[in-house]
Amino acid sequence: MFFVTRREIFSAAHRLYNPKFSDEENERIFGKCSNPNWHGHNYILEVIVAGEINPETGYLIDLKLLKEIIIKNIIDKVDHKNLNTETDFMSGIIPTAENIAAAVWNQLVDKIPDGKLYSVKIYETENNYFEYRGE
Ligand code: NI
């Protein structure tokens, strides 16, 4: 089994809050990330595809193609956007890094032409990253 990783970087604004909770509760649960006036992160996204190598190309998946799929379906919709209000596939979802990883997975899982989507990782800070493998 081989694994191929494509890394992309994007900047986005968000606010973590649950409309069911009061502002005080949101502040207690989500801290600074609940600022009503938004704030941003420089996110790193890693998409990992697993599979066997095609003997005719030596590739598991053409990375140029994987890059194009990620740009079109994810980066174009999140980079320099507000994840709460501008990103269609995050609509109604609290934009924690966990939920972003799961939403990215759902966008990409049926669009990988060779091999299978294995993992989606979102790095929100240098020290925190979140991984979803679809189960
Ligand atoms: Ni935040």
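## Some points on the nonpolar core
Line of reasoning, step 1. Counting 29 residues, the largest nonpolar core has Phe-10, Leu-45, Ile-70, Ile-74, Val-104, Leu-108 and Ile-122 as the members making the most contacts within it.
Line of reasoning, step 2. Residue assignment for this core shows that the elements contributing at least two residues are strand 1 (2-14), strand 2 (39-51), helix 2 (63-78), helix 3 (97-108) and strand 4 (116-123).
Line of reasoning, step 3. At seven residues, helix 3 tops the list of elements feeding residues into this core.
Line of reasoning, step 4. With residues up to four places along the chain from it excluded, the contact list for Ile-122 reads Phe-10, Tyr-43, Ile-44, Leu-45, Ala-97, Ile-100, Ala-101, Asn-128, Tyr-129 and Phe-130.

## What to know about the environment of Asp-79
Line of reasoning, step 1. Turning to its location among the elements, Asp-79 is positioned in the loop between helix 2 and strand 3 (81-82).
Line of reasoning, step 2. Engagement of the side chain of Asp-79 in a polar contact is seen with the side chain of His-80, the distance being 3.1 Å.

## Some words on the coordination of the nickel ion
Line of reasoning, step 1. Distances from the nickel ion to its protein donors, His-14 (NE2), Cys-33 (SG), His-39 (NE2) and His-41 (NE2), fall at 2.0 to 2.1 Å.
Line of reasoning, step 2. For the nickel ion, the four donor atoms are set out with angles of 91 to 129° between them, so the coordination reads as tetrahedral.
Line of reasoning, step 3. Mapping the donors of the nickel ion onto the primary sequence gives the spacing H-x18-C-x5-H-x1-H. Of this pair, His-14 sits in strand 1 while Cys-33 sits in the loop between helix 1 (23-30) and strand 2, placing them 19 residues apart in sequence. With respect to class, His-14 is no different from Cys-33; both count as buried.

Definitions and cut-offs
Residues numbered from 1 in each chain as written. Predicted model: local features only at pLDDT ≥ 70, side-chain atom pairs only at ≥ 80, totals over all residues. Heavy atoms only, no water. Core = buried A, V, L, I, M, F, W, Y, C linked by side-chain atoms within 4.5 Å. Buried < 20%, exposed > 50% of the residue type's maximum accessible area, 1.4 Å probe, protein only. Helix = DSSP H or I, 4+ residues; strand = E, 2+ residues; numbered from the N terminus. Contact = heavy atoms within 4.5 Å. Polar contact = N/O pair within 3.5 Å; in protein donor to acceptor, adjacent residues only side chain to side chain. Donors = N, O, S within 2.8 Å, 3.2 Å for Na, K, Ca; no water. Tetrahedral: all angles 85-135°; square planar, octahedral: opposite > 155°, others 65-115°.

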